[in-house]
Structures are given as structure tokens and as C-alpha cells.
Amino acid sequence: MEYRLEPPLGEQAVRALRVGDTVLLDGTIWGIRDATLIRIFDHGQASPADLRGAVLLHVAPNVRPSAAAPSGYEPTTVGTTTSMRMDRFTEGVLVDYGVRAIIGKGGLSDQSCAALARYGAVYLAIVGGAASVETEQVEAIERVYWEDLMPECLWQFRVRGFGPLIVAMDSTGASMYRDVAARARQRLADVYAKLGLRDEP
């Protein structure tokens with residue numbers, strides 16, 4: 001299935017998504033990375049923005065000053081980063097802030113996948129190396145919070161047709177990454193068997 005959604009997202013809309021579905025986003029998404037998450041959860045400073053129903057994008061964009069932009073910045077490159085480094089913050093953003101979707105590369109742990117199922121959220125995978133396309137889909141940087149963390153601030157992006165994004169972990173506990181790993185293990189076992197070798201754990 002293909003969906004075109006506009007954040008903030010409700011739980012019902014998110015729970016309708018399934019692994020393998022494609023999503024395009026219009027409206028507000030939030031750029032976030034390690035430094036902002038560390039400040040919120042390790043240093044105990046509340047998020048300066050309301051993230052209920054939010055879509056988070058794991059990113060630290062390259063930007064340039066712009067007097068014409070509402071935030072004072074315009075994007076030069078908005079490239080998604082690997083999510084696993086921020087895995088430990090997943091349950092916190094879901095429980096404490098009501099986030100409904102996370103966009104990134106490489107997936108999250110099984111523990112985070114279970115949290116997505118418990119709280120009604122999804123992980124959306126974006127194609128690696130597509131930063132130039134992503135940047136074109138960002139209409140504006142509307143606000144920037146905690147500029148002292150540059151470039152790992154909290155970024156409010158206005159996007160149009162952002163994606164296509166693949167639902168890689170859904171609210172039923174399904175995971176595209178787990179499925180791929182299982183198929184790879186089975187294929188490896190089959191190769192060992194054909195060669196008459198034992199598959200060591």
C-alpha cells in the first residue's frame with residue numbers, strides 16, 4: 001500500500017501501516033540527532049518543541065545562513081544518518097513525547113521494535129545516498145532549537161512529498177531487517193549443507 005500522510009500523526013493512522021508499505025510526507029518533520037537526544041534524556045532538559053504525533057528524522061544537516069528563510073537558515077544537504085547509534089533513546093521519545101514515526105537508515109534493535117508495537121509507532125527507512133533528493137523535498141527550515149548544538153540541533157523542517165519512505169518496522173512488531181537477517185542465515189546454512197560443512201554458531 002502507498003500512503004501520503006501529514007504530521008502530526010494519530011495512532012490509528014500509524015497502526016494501519018505495515019512493513020513494505022510506502023509513505024510520502026507533507027508538512028512538518030523534526031530533524032534530530034545524538035546531541036539533542038543526549039540533552040533531553042541524559043541531561044534532563046525537556047524538548048523545547050511539542051513532539052506529540054511527530055515524525056523524527058535522524059539527521060545533522062548542512063545549512064547556510066539565509067535572511068530570507070524563516071529560521072535564518074536554508075538547507076544545503078539534508079542526509080539521513082544511521083539510526084542504531086540513537087537506539088537507546090527510542091522508547092523515551094515514544095513514551096515521554098508521543099512520537100509516532102522515526103526516519104533513518106539501518107533500522108533499530110529488536111527492543112526498539114517491540115517498543116514501536118507497544119506504543120503505536122513505526123520506523124521508516126529512507127534510501128541511503130539520497131541526500132540530494134531529500135534536500136529538494138525540504139521546502140524550508142522553519143525553526144531551529146538549541147543552536148549551540150549545531151549542526152545537531154532540533155530542526156523543524158517543512159517538507160513536501162518527502163520520500164518515498166519504506167515502512168521497515170511496524171506497530172505489529174514486524175521488522176524488515178529481522179526478516180532479511182533470517183533469510184540470510186537460512187541461505188548461509190543451505191550453502192554450508194551443500195558443501196558438506198557444519199554451520200558454526
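Small disclaimer: the values here were computed from a predicted structure and weren't measured. (Residues numbered from 1 in each chain as written. Predicted model: local features only at pLDDT ≥ 70, side-chain atom pairs only at ≥ 80, totals over all residues. Heavy atoms only, no water.)

Draft legend 1. The arrangement of the environment of Pro61 in detail. Inspection of the secondary structure puts Pro61 in the loop between strand E3 (55-58) and strand E4 (62-65). What makes Pro61 buried here is its relative accessible area of 1%. Along the backbone, Pro61 and Thr80 are 19 residues apart, and their C-alpha atoms lie at a distance of 8.3 Å. If we ignore the near neighbours within four places in the chain, the residues touching Pro61 are Thr77, Val78, Pro151, Trp155 and Phe157. (Helix = DSSP H or I, 4+ residues; strand = E, 2+ residues; numbered from the N terminus. Buried < 20%, exposed > 50% of the residue type's maximum accessible area, 1.4 Å probe, protein only. Contact = heavy atoms within 4.5 Å.)

Draft legend 2. Molecular detail of the nonpolar core. Trp30, Leu51, Leu56, Val93, Leu94, Val99 and Tyr123 are the most contacted members of the largest nonpolar core, which has 28 residues in total. Put simply, the parts of the chain that give this core at least two residues each are strand E2 (22-32), helix H2 (34-42), helix H3 (90-97), helix H4 (110-119), strand E7 (122-125) and strand E9 (154-169). Leaving out residues up to four positions away in the same chain, Leu94 has contacts with Val99, Ala115, Leu116, Tyr119 and Ala121. One finds Leu57, Val138, Trp155 and Phe157 within the second-largest nonpolar core, a separate group that totals 27 residues. (Core = buried A, V, L, I, M, F, W, Y, C linked by side-chain atoms within 4.5 Å.)

Draft legend 3. Up close: the packing of H3 against H4. Here H3 crosses H4 at 15 degrees, and the two axes come no closer than 9 Å. By the angle class used here, H3 and H4 are roughly parallel. Once H3 is placed against H4, the crossing between them reads as left-handed. Residues Thr90, Glu91, Leu94 and Val95 of H3 lie in contact with H4, whose contacting residues are Ser112, Ala115, Leu116, Arg118 and Tyr119. Among the residues forming the contact of H3 with H4, the class breakdown is 5 nonpolar, 2 polar and 2 charged. (Axes fitted to C-alpha atoms, helices over the stretch in contact; angles between N-to-C directions. Parallel < 35°, antiparallel > 145°, perpendicular 65-115°, else oblique. Left-handed = near helix turned anticlockwise from the far one by under 90°. Nonpolar A, V, L, I, M, F, W, Y, C, P; charged D, E, K, R; others polar.)

Draft legend 4. Up close: unusual backbone geometry. Of note, the bond from Met150 into Pro151 is cis; its omega dihedral lies within 30 degrees of zero at 5 degrees. Position of Pro151 relative to the elements: it lies in the loop between strand E8 (138-145) and E9. In this model, Gly163 is joined to Pro164 through a cis peptide bond whose omega is 5 degrees. Tracing the sequence through the fold places Pro164 in strand E9. Of note, the phi angle at Trp146 is positive, near 60 degrees, even though the residue is not glycine. Following the sequence through the fold, Trp146 ends up in the loop between E8 and E9. Note on Trp146: relative accessible area 17%, which makes it buried.

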